[in-house]
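What follows is each chain in one-letter form.
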Amino acid sequence: MASRLWASKAASYLRLSVFHRGFSSVVKDLKYADSHEWVKFDGKSAVVGITDHAQDHLGDVVYVELPEAGTTVTQGSSFGAVESVKATSDINSPVSGKVVEVNEKLSSSPGLINASPYENGWIIKVEMNDTGELNSLMDSEQYTKFCEEEDAKH
């Protein structure tokens, strides 16, 4: 909080406009799990990552435990972990299937999850077993409301 205040004062002094982000970004065309993972389905495979909301609560990500390509993942089950300066959290798969690709850049640059959670910070690509699983996930509006309600409890 102190750094945000300092940044605002510095920006004011320099006559720069400052955008205060009240809520983390949510991408419209993705599906979301209540464990804060997102999935983007392209017709054949699903790209999976953790949400902006999740990375914001975690703080600076310092390590990502990744599965190997060929690993089978199950909807709602853990397939890896994200370690930050605050905590270590499991990463749960929002869909079931076989991991066909892993974002190897995260091994050397885990901060990509903080900097670009929906693009460069993706974690795995999954060849899905059952596309019907997508129906059990939240859309962007539902996920936004879910996060607002969850944050209000804390």
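How each quantity is defined
Residues numbered from 1 in each chain as written. Predicted model: local features only at pLDDT ≥ 70, side-chain atom pairs only at ≥ 80, totals over all residues. Heavy atoms only, no water. Helix = DSSP H or I, 4+ residues; strand = E, 2+ residues; numbered from the N terminus. Buried < 20%, exposed > 50% of the residue type's maximum accessible area, 1.4 Å probe, protein only. Contact = heavy atoms within 4.5 Å. Areas by Shrake-Rupley, 256 points an atom, 1.4 Å probe, with all protein chains shown as cover. Core = buried A, V, L, I, M, F, W, Y, C linked by side-chain atoms within 4.5 Å. Phe/Tyr/Trp six-rings, centres within 6.5 Å; stacked < 30°, edge-to-face > 60°. Patch = residues over 30% accessible without salt bridge, like charges linked within 9 Å, V, L, I, M, F, W, Y side chains within 5 Å. Salt bridge = Lys/Arg side-chain N within 4 Å of Asp/Glu carboxyl O. Pairing = 2+ DSSP bridges.

What follows deals with the overall build of the protein. A count of helices and strands for the protein gives 5 helices and 9 strands. Element order for the protein, N to C, with α for helix and β for strand: α-β-β-β-α-β-β-β-β-β-α-α-β-α. Residues classed as buried in the protein amount to 40% of the 154 residues present. For the protein, restricting intrachain contacts to residue pairs at least 6 apart in sequence, the fraction spanning at least 24 positions comes to 64%. Counting only carbon and sulfur atoms, one obtains 48% of the accessible surface of the protein, whose full area is about 9,200 Å².

With that settled, the discussion passes to the nonpolar core. A general trend in soluble globular proteins is that nonpolar side chains are found buried together. Core analysis: the biggest nonpolar cluster contains 24 residues, and Ile 50, Val 95, Ile 113, Ile 123 and Ile 124 have the highest contact counts within it. Counting only elements with at least two residues in this core, the list comes to strand 3 (45-50), helix 2 (52-58), strand 4 (61-65), strand 6 (78-84), strand 8 (97-102) and strand 9 (124-128). Excluding anything up to four places from it in sequence, Ile 124 contacts Ala 46, Val 47, Val 48, Pro 67, Val 73, Phe 79, Val 99, Glu 101 and Val 102. Judged by nonpolar contacts, the second largest core, of 9 residues, contains Tyr 118, Trp 122, Tyr 143 and Cys 147.

Applying the stated criterion across every chain yields a total of 3 aromatic pairs. Residues Trp 38 and Tyr 118 carry aromatic rings whose centres are separated by 5.8 Å and whose planes lie at 55° to one another, so their mutual orientation is tilted. Of this pair, Trp 38 sits in strand 2 (residues 37-41) while Tyr 118 sits in the loop between helix 4 (112-115) and strand 9, and the two are 80 residues apart along the sequence. Residue Tyr 118 is classed as buried on the basis of its relative accessible area of 16%. Members of the aromatic cluster, each reached through a chain of ring pairs, are Tyr 32, Tyr 143 and Phe 146.

Here we take up a nonpolar patch on the surface. A contiguous nonpolar surface patch, about 290 Å² in accessible area, is contributed by Val 62, Tyr 63 and Val 85. Within the secondary structure layout, Val 85 lies in the loop between strand 6 and strand 7 (88-92).

Strand order across the open sheet formed by 6 strands is 1-2-3-9-8-5, with antiparallel pairing between neighbours. Of all the strands in the sheet, the pair left with one neighbour each is strand 1 (31-32) and strand 5 (72-73). Here 2 bridges tie strand 5 to strand 8, and the two strands are oriented antiparallel to one another. The residue bridging Thr 72 from the neighbouring strand is Lys 98, located in strand 8.

Below, the discussion takes up unusual backbone geometry. A positive phi is found at His 36, a non-glycine position, where the angle reads about 75°. As for its placement among the helices and strands, His 36 is situated in the loop between strand 1 and strand 2. By relative accessible area, His 36 is classed as buried at 12%.

In this section: the pattern of salt bridges. Considering all chains together, one arrives at 2 salt bridges under this definition. With a shortest N-O distance of 3.6 Å, Glu 101 and Lys 125 are connected by a salt bridge. A residue pair is termed long-range when its members are at least 10 positions apart, and Glu 101 in strand 8 and Lys 125 in strand 9 qualify at 24 residues. Relative accessible area serves as the criterion here: at 35%, Glu 101 is assigned to the partly exposed category. The class of Lys 125 is partly exposed, set by a relative accessible area of 24%. Of the charged contacts, one joins Glu 149 and Lys 145 as a salt bridge, the two residues approaching to 4.0 Å between their closest N and O atoms.

These figures come from the coordinates and say nothing about function on their own.
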